[in-house]
Amino acid sequence: MQSERQTDEILMMFRIVFDTNVLISAILSDGAPSLLLRKGMLDEFTIVTSDLLLREFENVMQRPKFKVYNNDDEVHRTVQVLMQVADFVVVTSKFSVVERDFKDNIVLETAYDGKVDFIVSGDDHLLSLKSFRGIKIVSVKEMLDYLKDDQI
């Protein structure tokens, strides 16, 4: 049986990219995406992101349907916190795996260049892939279940 410290060290090795939709859900509600984001911010695993993903997050949060729930200061604070706690990678890879929504390829590129273990998404285009070049693509619930199961 592993000690608590050994379990924490194993979890710290996990590198996870959040799809923009998961990050937005985490910010706008207090459900499972928010719990997962808090776990990352508490160093239970490493959050990996890129300038491309953060710009997409900022752009999406400017849409009228999201402006009702947030303001520019909240978005700016969220980006600042992510820049402090996340492992920031420079994306050099280019993939055209998801043709229906080319922005989903940014998630794959960030994950690949960031050498992550998991992509967490709510997007059917990505979830239907199940994995990409050895990177597991899972839902928020699956990731939370995996983290819980791995702690046993």
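For the structure, check the block above.
Since the model is a prediction, treat every value here as computed from it, not as a measurement.

K.L.:
Could you give me a rundown of the nonpolar core, with the residues and numbers involved?
P.N.:
Core analysis: the biggest nonpolar cluster contains 27 residues, and Phe18, Leu36, Phe45, Val120 and Met143 have the highest contact counts within it. Leu36 has contacts with Phe18, Phe45, Val120, Val140, Met143, Leu144 and Leu147, leaving out every residue within four places of it along the chain. Grouped together as the second largest cluster of nonpolar side chains are 16 residues, Val48, Phe95, Ile106 and Ile135 included.

K.L.:
Describe the pattern of salt bridges, with residues and values.
P.N.:
The tally for this structure, following the rule as stated, stands at 5 salt bridges. Between Arg38 and Asp30 there is a salt bridge, and its shortest N-O distance comes to 3.5 Å. For Arg55, the salt bridge identified is with Asp51, shortest N-O distance 3.1 Å. Here Asp51 and Arg55 lie together in helix H4 (residues 51-61), a separation of 4 residues that amounts to about one turn. The class of Arg55 is partly exposed, set by a relative accessible area of 42%.

K.L.:
Which residues make up the pairing of strand E1 (residues 15-18), and what values do they have?
P.N.:
Side-chain alternation along E1 places Arg15 and Val17 on one buried face and Ile16 and Phe18 on a second face that is also buried. Pairing between E1 and strand E2 (residues 46-50): 3 bridges, direction parallel. Paired with Val17 across the strands is Val48, a residue of E2. In this structure, E1 lies alongside strand E4 (residues 118-120), joined through 3 bridges in parallel fashion. Of the residues in E4, the one forming a bridge with Val17 is Ile119.

K.L.:
So, the packing of helix H2 (residues 20-28) against H4: which residues are in play, and what are the values?
P.N.:
Running from N to C, H2 and H4 point in directions that differ by 55°, and their axes come no closer than 10 Å. In terms of their interaxial angle, H2 and H4 are classed as oblique. For the pair H2 and H4, the sense of crossing is right-handed. Here Thr20, Leu23, Ile24, Ile27 and Leu28 of H2 lie close against H4, whose contacting residues are Leu53, Glu56, Phe57, Val60 and Met61. Looking at the contact of H2 with H4, its residues break down into 8 nonpolar, 1 polar and 1 charged.

K.L.:
How would you sum up the environment of Glu142? Please name residues and give values.
P.N.:
Relative to the assigned elements, Glu142 resides in helix H9 (residues 140-150). Among the residues examined, Glu142 registers a relative accessible area of 42% and is labelled partly exposed. Sequence separation between Glu142 and Val120 is 22 residues, and the spatial gap between their C-alpha atoms is 8.7 Å. A distance of 2.7 Å separates the side chain of Glu142 from the backbone nitrogen of Ser139, its partner in a polar contact.

Conventions and cut-offs
Residues numbered from 1 in each chain as written. Predicted model: local features only at pLDDT ≥ 70, side-chain atom pairs only at ≥ 80, totals over all residues. Heavy atoms only, no water. Core = buried A, V, L, I, M, F, W, Y, C linked by side-chain atoms within 4.5 Å. Buried < 20%, exposed > 50% of the residue type's maximum accessible area, 1.4 Å probe, protein only. Contact = heavy atoms within 4.5 Å. Salt bridge = Lys/Arg side-chain N within 4 Å of Asp/Glu carboxyl O. Helix = DSSP H or I, 4+ residues; strand = E, 2+ residues; numbered from the N terminus. Pairing = 2+ DSSP bridges. Axes fitted to C-alpha atoms, helices over the stretch in contact; angles between N-to-C directions. Parallel < 35°, antiparallel > 145°, perpendicular 65-115°, else oblique. Left-handed = near helix turned anticlockwise from the far one by under 90°. Nonpolar A, V, L, I, M, F, W, Y, C, P; charged D, E, K, R; others polar. Polar contact = N/O pair within 3.5 Å; in protein donor to acceptor, adjacent residues only side chain to side chain.

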